[in-house]
Amino acid sequence: MNEIQRNCYLNETSGVCQVLMLSIPPVPSDTDTVYTQIMAAVEQIHVRLRHLKTEYLSGKTGCWEVVQQTIFLKDYAWRDACQEMMRDFYKERVPVNIYVPQSPCDGQMVAIEAIIIFREEGMTSVEYHGEDMVISRHDGMSWYFCRQQDPDNPQEDVYTQSLASFQKLRENFLKEGVPFQNVIRIWIYLGNITEEVYHEKEGKTQRYKELNRARSDFFRGIPFFEGLLPEHYHGPKYPASTGIGGTGDCVVIGALGVMAEEPGKVQVVPLENPQQVPASAYGEEYSRKSPKFSRAMAVSVEGRGGERNGIIFVSGTASITDAESKYEGDPVLQTELTLENIRVLIHEENLAAHGMPGLGCELDQMAMIRVYIKHEQDYEIIKGVCDRLMPNVMKLFTFSDVCRPELLVEIEGMAFTQTRNSE
């Protein structure tokens, strides 16, 4: 496997080409700055894109469009300077840049995970609506990439900041005519996630629990995925989500919404793991207001040839069976159980049980994973388990706190699948 293959996943369905790419610059020298590191990462993306166009798309006319970049920073104070660099580089086509206060595990100042679309005349279009929203349209669907980088008032308590961030995110979607019920995937980066706080009504609590309270209050009454769910589905209806830690007291939210020109050709199905209690049903011992998210989200689109093209968005997953944390203090067993939970979640048996037969996949067929690691001393151990069980999958490793003190690792990811119409 060469360097480009190891850090790129190219998916082509119904003539539409999408790329997931991981760009990590070399470990910095004494003379490196965040500017040299981030520009090396951006240049690396575009060098690879030129290679991919020559190698795989030589007969097509069009160009690559970077629609979203998730940028992991060793120092969150660099985010404004990094955004200025992105404006200089991309000019009027700045992607949605989500800045995450987490250090890459190999010692770099920065790492970039990019989502890229090949814009081909008559097949795809990409629209840049300010720096917080990019829209990609293809296959009869529109995909809305959105961010809410920082609360307006960082001095507020975490509940108020989180609620205000969700409200502002909703406003950004509504500007484009997208109701929040069409949001299928959310990423939440919460600084000092396990820190204890005191609330005059809630009493002694935790920043993550206050985030869950805000999310529950905001989600109340939203008819998620109305018009996109299959008739047979009667389970919990919440977006896939990751709620993970970061440095400082940040609240950063990224989100993905969808709209369908022909809803009958598109299905959205929240996935649950038969080995776990749905997160939305957790008891109060874990959080007074349970975390409102699905274990994964499967999106199925009918292709031009009768095939169904699927994307599975796997939420942040940890070493949990039922609702209970397992293997406290053991990074190997925690990582193995986390990956087993993901394997069960995306397997054909579970997809078929959710009414999406033919769209399951194996663990090592995933497009990419992100691995959030609590302690530096566990990095090589956890990486070794991931490489052993998923040798062919693109991986990003960052240091980050996890929502329960006893959990050492959390993993999320994406998979592209496809099935043929039986006719």
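In case you missed it, the structure is sitting above this.
Here we summarise the structure given alongside this text. (Residues numbered from 1 in each chain as written. Predicted model: local features only at pLDDT ≥ 70, side-chain atom pairs only at ≥ 80, totals over all residues. Heavy atoms only, no water.)

## As for the overall build of the chain
Applicable threshold: In this description a helix means any DSSP run of H or I spanning at least four residues, a strand means any run of E spanning at least two, and both kinds are numbered starting from the N terminus. Our radius of gyration is a C-alpha quantity, and the globule rule it is checked against amounts to 2.2 Å times the number of residues to the power 0.38. By definition in these notes, contact holds between two residues if any of their heavy atoms fall within 4.5 Å. Working convention for charge: Lys and Arg count positive, Asp and Glu count negative, and His plus the chain ends are omitted. A charged residue contributes its charge at one atom only: NZ of Lys, CZ of Arg, CG of Asp or CD of Glu.
Along the chain, the regular secondary structure elements total 8 helices and 22 strands. Against the 2.2 N^0.38 benchmark of 22 Å for 423 residues, the chain shows a C-alpha radius of gyration of 20 Å, consistent with a compact globule. Here the C-alpha coordinates of the chain stretch approximately 60 × 60 × 45 Å along the principal axes. Residue pairs in contact within the chain that sit at least 24 positions apart in sequence constitute 76% of those at least 6 positions apart. Measuring between centres, the 41 positive side-chain charges of the chain sit 2 Å from its 61 negative side-chain charges.

## Re the nonpolar core
The condition that has to hold: In this text, buried Ala, Val, Leu, Ile, Met, Phe, Trp, Tyr and Cys residues form a nonpolar core when linked through side-chain atoms within 4.5 Å. Exposure is judged per residue with a 1.4 Å probe applied to protein chains only, and the accessible area is read against the type maximum: over 50% gives exposed, under 20% gives buried, and values in between give partly exposed.
By size, the foremost hydrophobic cluster in this structure holds 107 residues, and its most contacted members are Trp143, Phe173, Phe180 and Ile184. Beyond its immediate stretch of four places on either side in the chain, isoleucine 184 contacts Trp143, Phe225, Pro239, Ala240, Leu256, Gly257, Val258, Val268, Met297, Val299 and Phe313. Ile312, Leu345, Cys361 and Phe399 belong to the second-largest nonpolar core, a separate cluster that totals 32 residues.

## Topic: the packing of aromatic side chains
Using the following cut-off: Only centres within 6.5 Å qualify two rings of Phe, Tyr or Trp (six-membered ring in Trp) as a pair; their planes then separate them into stacked at under 30 degrees, edge-to-face at over 60, and tilted for everything else. Lysine NZ or arginine CZ positioned within 6 Å of the ring centre and within 35 degrees of the ring normal marks a charge as sitting over the ring.
Per the counting criterion, the structure on display carries 16 aromatic pairs. Here the aromatic rings of tyrosine 379 and phenylalanine 397 are separated by 5.7 Å at their centres, their planes lie at 65 degrees, and the arrangement is edge-to-face. Placement of tyrosine 379 in helix H8 (residues 379-389) and of phenylalanine 397 in strand S21 (residues 394-399) is noted, with a sequence separation of 18 residues between them. For the pair tyrosine 379 and phenylalanine 397, one class covers both residues: buried. Each member of the aromatic cluster is reached from another via a ring pair, and the members are Phe166, Phe173, Phe180, Phe218, Phe219, Phe224, Phe225 and Tyr238. Over the ring of tyrosine 76 we find arginine 79, and its NZ or CZ is 3.9 Å from the ring centre. When the ring centre of tyrosine 159 is taken as origin, the NZ or CZ atom of arginine 213, which lies over that ring, is 3.9 Å away.

## What about the packing of helix H4 (residues 158-175) against helix H5 (residues 207-219)?
To keep things clear, this is the line we draw: Every angle, taken between N-to-C directions, lies between 0 and 180 degrees, and every axis is a line fitted to C-alpha atoms, over only the stretch in contact when it is a helix. Put simply, angles under 35 degrees are roughly parallel, angles over 145 are roughly antiparallel, angles from 65 to 115 are roughly perpendicular, and the rest are oblique. Helix crossings fall into two classes, left-handed where the near helix is turned counterclockwise from the far one by less than a right angle and right-handed where it is turned clockwise.
Between H4 and H5, the shortest axis-to-axis distance is 8 Å and the interhelical angle comes to 40 degrees. Taken together, the axes of H4 and H5 lie oblique to each other. The hand of the H4/H5 crossing is right-handed. Contacts between H4 and H5 pair Val158, Tyr159, Ser162, Leu163, Phe166, Gln167 and Arg170 from the former with Arg207, Glu210, Leu211, Arg213, Ala214, Arg215, Asp217, Phe218 and Phe219 from the latter.

## A few points about the sheet that holds strand S17 (residues 308-317)
Defined as follows: Here, any two strands with at least 2 DSSP bridges between them count as paired.
With mixed pairing, 7 strands are arranged side by side in an open sheet as S5-S21-S20-S22-S17-S16-S15. Where the open sheet ends on each side, the last strands, each with one partner, are strand S5 (103-104) and strand S15 (266-271). In this sheet, S21 lies alongside S5 in antiparallel orientation, the contact comprising 2 bridges. In the strand pairing of S21, serine 103 is matched with phenylalanine 399. The strands touched by H8 within the sheet are strand S20 (368-373), S21 and strand S22 (409-419), with S21 carrying the most contacts at an inclination of about 160 degrees.

## A few points about the pattern of salt bridges
Pairing between side chains of opposite charge can happen when the charged atoms of each approach one another. Heads up, the rule is: For this analysis, a salt bridge means a side-chain nitrogen from Lys or Arg found within 4 Å of a carboxyl oxygen belonging to Asp or Glu.
Using the criterion set out here, one finds 25 salt bridges in the structure. Of the charged contacts in the structure, one is a salt bridge between glutamate 196 and lysine 204, with a shortest N-O distance of 3.4 Å. Just as glutamate 196 is exposed, lysine 204 falls in that class too. Taking the shortest distance from any N to any O, the salt bridge between arginine 213 and glutamate 210 comes out at 2.9 Å. Residue arginine 213 and its partner glutamate 210 are both found in helix H5; the two are separated by 3 residues, about one turn of the helix. Each member of the pair, arginine 213 as well as glutamate 210, carries the same accessibility label: buried. Overlapping salt bridges, with partners in common, bring together Glu113, Arg185, Arg370 and Glu412 in one network.

## So, the environment of isoleucine 382
For isoleucine 382, the location among the structural elements is in helix H8. Overall, isoleucine 382 belongs to the buried group, its relative accessible area being 0%. Separated by 129 residues in sequence, isoleucine 382 and isoleucine 253 place their C-alpha atoms 26 Å apart.

## Details of helix H3 (residues 79-90)
This is how it is decided: One less than the residue count of a helix, multiplied by 1.5 Å, gives the span that helix is expected to have. The directions considered for the arc run from the helix axis to the C-beta atoms.
Over its 12 residues, H3 extends 16 Å from the first C-alpha to the last, a length consistent with the 16 Å expected when each residue adds 1.5 Å. Within H3 the residues assigned to the buried category are Cys82, Gln83, Met85, Met86 and Tyr90. Looking straight down H3, one finds its buried side chains confined to an arc of 155 degrees; they lie on one side. Opposite the buried face of H3, at more than 90 degrees from it, the exposed residues are Asp80 and Asp88. Next to the buried residues of H3 lie helix H2 (34-56), strand S3 (62-73), strand S4 (96-100), strand S6 (110-120) and strand S9 (141-148). Directly after H3, the chain includes lysine 91, whose backbone phi takes a positive value near 60 degrees.

## Thoughts on the pairing of S20
Test applied: Look down the strands so they point away from you; if the path from the first strand over the helix to the second goes clockwise, the crossover is right-handed.
The element S20 is largely enclosed, with a buried count of 6 among its 6 residues. Of the two faces of S20, the one lined by Met368, Arg370 and Tyr372 and the one lined by Ile369, Val371 and Ile373 are each fully buried. Crossover connection from S20 via H8 to parallel S21: handedness right-handed. Here S20 pairs with S22 via 6 bridges, running antiparallel. Following the sheet pairing, tyrosine 372 is matched in S22 by glutamate 410.

## Structural notes on the pairing of S4
Burial within S4 is extensive, with 5 of its 5 residues counted as buried. Running through H3, the crossover from S3 to the neighbouring parallel element S4 is right-handed.

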